[in-house]
Amino acid sequence: MGWASAPRALSLAAGSGLRVAMSPPDNPGARPLLLRAINRESVERPPIWFMRQAGRCLPEYRELRAKAGGFLNLCMNPQTAAEVTLQPMRRFAYDAAIVFADILTLPMAMGQHLWFEAGEGPRFGPLPSLESLEARVESATGELACVGEAVRRVRAELEPSRALIGFAGGPWTAATYMLVGRGGEAARAEARAMALADLGRVGHLVDIIAEASIHYLAMQAEAGAQALQIFESWAEVLPEPEVFERLVIRPHRRIVEGLRARGVTAPVIGFPRGAQPALVERYAVTTGVQVVGLGTDAPRELGLRLQQRVAIQGALDPELLRAGGPALSARIDELLRQWSGGPYIFNLGHGVLLDTPLEHLAQAVEQVTSWRNADALTA
Ligand code: CP3
């Protein structure tokens, strides 16, 4: 069977809102659509999930965070982390959940003091010596056993047809926060300047984070995560091919190899967000990842070329999702038409913005879950 399959679903009922999207997945006992798509099997439609689908866009999240006394408490308690992971799954027909955690808790577990400044974001204390970070490459995962426990709890509750994704930060992205102590554009420029000035030292830091990530991701897979995403959100600030090779491609390849050497078979979703098309292509052919995540409005041609080798994920503009309306529907339709002829996971190009109306999330999920790949062929 080709990519075409099931007959066209009922056309989209305008304004059907939350009701339809809250219905359970089509066939709750089936093998996850996400894994079938990654595996290049013939699927009826692309699977959908959104980065940051859990979190501040949901009122029930904000309520639980207030009760828990802050974001880190939510993350580090398996019961609340599992609950927050499941909140969006109850509300919308997403095909995958992503365990609720943060990319910065791994460096925290390696000994760098982390806190969240209200309304401002993460802050790190001084960078520990590379020797002391290196000494905690394995033990850091033990400090994060709560994440494995959250994975087990979610997997036990989630329908078998819906996949569970584990994740880690891209080593370069984690390093930008560790080196400068905070996020933001100026901090990224500073981290980039450090990388250009001393690629050897920054490369060493990135390699240490990569080694720790192998243990951390393997633990999540062993607990029940069925796919593993590497969030390299700040790949975009490394346009020089040699620097990108050293700080992104090489450590990602090492993570994939390290996971396979440990017998982890879960597919890896690499997300070198905002990297230049030529570098993304090189990334896709050299790292060994099964899926490449694309940043907002990545070119159609790039996606089509990548699909010959890997599955792709993305690349809806989160601002368009927040804006909603006919422009959103038109863009979703365009993305489905341009990429659903190959292995494609519908997602955003970056995370859900916190003030995104729930109706827009519902509209997007409904539109994608009503799509049938046969439509692309008859269009
Ligand atoms: O996608 C998901 O729903 C899973 C959970 C998840 C979080 N952070 C929860 C979170 C994931 C995958 C991340 C990844 C992450 N964290 C990245 C990479 C992806 C990206 O967005 O670029 C980065 C750079 C971080 C670091 C981080 N954590 C920042 C910069 C911030 C503050 C900015 C912000 O959005 O508030 C966080 C906090 C954070 N991580 C929140 C959530 C839900 C918000 C905490 C709150 O106020 O409740």
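Note that this is a predicted model, so its numbers are computed, not measured.

Enquirer: Hey, could you go over the sheet that holds strand S9 (residues 344–348) for me, with residue numbers and the actual values?
Expert: Reading across from one edge, S1-S4-S5-S6-S7-S8-S9 is the order of the seven strands in this open sheet, with parallel pairing throughout. Each edge of the open sheet is held by one strand with a lone partner, namely strand S1 (96–98) and S9. For this sheet the average axis-to-axis angle between neighbouring strands, irrespective of direction, equals 25 degrees. Here three bridges tie strand S7 (residues 291–293) to strand S8 (residues 311–316), and the two strands are oriented parallel to one another.

Enquirer: I'd like to hear about the pairing of strand S2 (residues 114–117), residue by residue, with values.
Expert: Across four bridges, the pairing between S2 and strand S3 (residues 121–124) is antiparallel. The residue bridging Leu 114 from the neighbouring strand is Phe 124, located in S3. A loop of three residues connects S2 with S3, the two strands running antiparallel in sequence, and Gly 119 in this loop sits at a positive phi of about 75 degrees.

Enquirer: I'd like to hear about the side chain of Arg 162, residue by residue, with values.
Expert: Turning to its location among the elements, Arg 162 is positioned in the loop between helix H9 (145–157) and strand S4 (163–169). Taking relative accessible area as the criterion, Arg 162 reaches 4% and is therefore assigned buried.

Enquirer: Now, about the site of the ligand: what can you tell me, with residues and values included?
Expert: Contacts to the ligand come from 23 residues, most closely from Arg 52, Tyr 61, Arg 65, Asp 102 and Ser 233. Here an oxygen atom of the ligand and a side-chain polar atom of Tyr 61 are 2.4 Å apart. Arg 65 is positioned such that a nitrogen or oxygen atom in its side chain is 2.6 Å from an oxygen atom of the ligand. For the ligand, the accessible surface in isolation is 870 Å², of which the surrounding protein chains cover 87%. Most atoms of the ligand, that is more than half of them, are within 2 Å of grid points of the largest pocket. Secondary-structure elements contributing two or more residues to the shell around the ligand are helix H3 (59–68) and S3. A class-by-class count of the residues in the shell around the ligand yields 15 nonpolar, four polar and four charged.

Enquirer: For helix H5 (residues 78–91), give the residues involved together with the corresponding values.
Expert: With 14 residues, H5 extends 21 Å from end C-alpha to end C-alpha; this agrees with the ideal 20 Å at 1.5 Å per step. Between the side-chain oxygen of the N-cap and the backbone nitrogen of Gln 79 there are 2.8 Å, and the N-cap of H5 in question is Asn 77.

Enquirer: Tell me about the layout of surface pockets, and name the residues and values.
Expert: Taken as a whole, the largest pocket holds about 1,400 Å³ of empty space. Around the largest pocket, the lining is made up of 45 residues, and of these Arg 52, Arg 56, Asp 102, Phe 116 and Pro 122 lie nearest the centre. For the lining of the largest pocket, the secondary-structure elements that each account for two or more residues are H3, helix H4 (71–76), S2, S3, helix H10 (171–180) and helix H16 (318–323). Element by element, the count of residues in the lining of the largest pocket is highest for S3, at three residues. Considering only residue class, the lining of the largest pocket consists of 23 nonpolar, twelve polar and ten charged.

About the thresholds
- Numbering of residues begins from 1 in every chain and follows the order in which that chain's sequence is written.
- With pLDDT at 70 or above as the cut-off, local features in this predicted model cover only qualifying residues; side-chain atom pairs require 80 or more to be listed or tallied, and sums for whole chains, interfaces and linings still use all residues.
- To get the side-chain values, take all heavy atoms of the structure and skip hydrogens and water.
- Pairing between strands requires that DSSP locate at least two bridges from one strand to the other.
- Put simply, DSSP marks the helices as runs of H or I at least four residues long and the strands as runs of E at least two long, and each gets a number from the N terminus on.
- To get an axis, a line is fitted to the C-alpha atoms, and for a helix only the part in contact is used. The angle between two axes follows their N-to-C directions and goes from 0 to 180 degrees.
- To sort residues, take the accessible area from a 1.4 Å probe on protein chains only and compare it with the maximum for the residue type: under 20% means buried, over 50% means exposed, and anything in between is partly exposed.
- Only heavy atoms are used to decide nearness, and a residue is near a molecule or strand if one of them lies within 4 Å of it.
- Polar contacts, as used here, are pairs of N or O atoms within 3.5 Å; protein pairs need one atom able to donate a hydrogen and one able to accept it. Residues neighboring in sequence count only if both atoms are side-chain atoms.
- We get accessible surface area from the Shrake-Rupley algorithm with a probe of 1.4 Å; when it comes to residues, only the shown protein chains can shield them.
- Here a cavity denotes grid points, spaced 1 Å and computed from the protein atoms alone, that fit a 1.4 Å probe unable to get out, and a pocket denotes an open set having protein on both sides within 12 Å along at least 5 of 7 lines; residues with an atom within 4 Å of a point are the lining.
- Each molecule is checked against the cavity or pocket grid, and it sits inside if more than half of its atoms lie within 2 Å of the grid points.
- Nonpolar residues are Ala, Val, Leu, Ile, Met, Phe, Trp, Tyr, Cys and Pro. Charged residues are Asp, Glu, Lys and Arg, and all others, Gly as well, are polar.
- Each residue after the first adds 1.5 Å to the expected span of a helix.
- Grid points are joined across faces, edges and corners, and a volume is the space filled by probe spheres set on the points.

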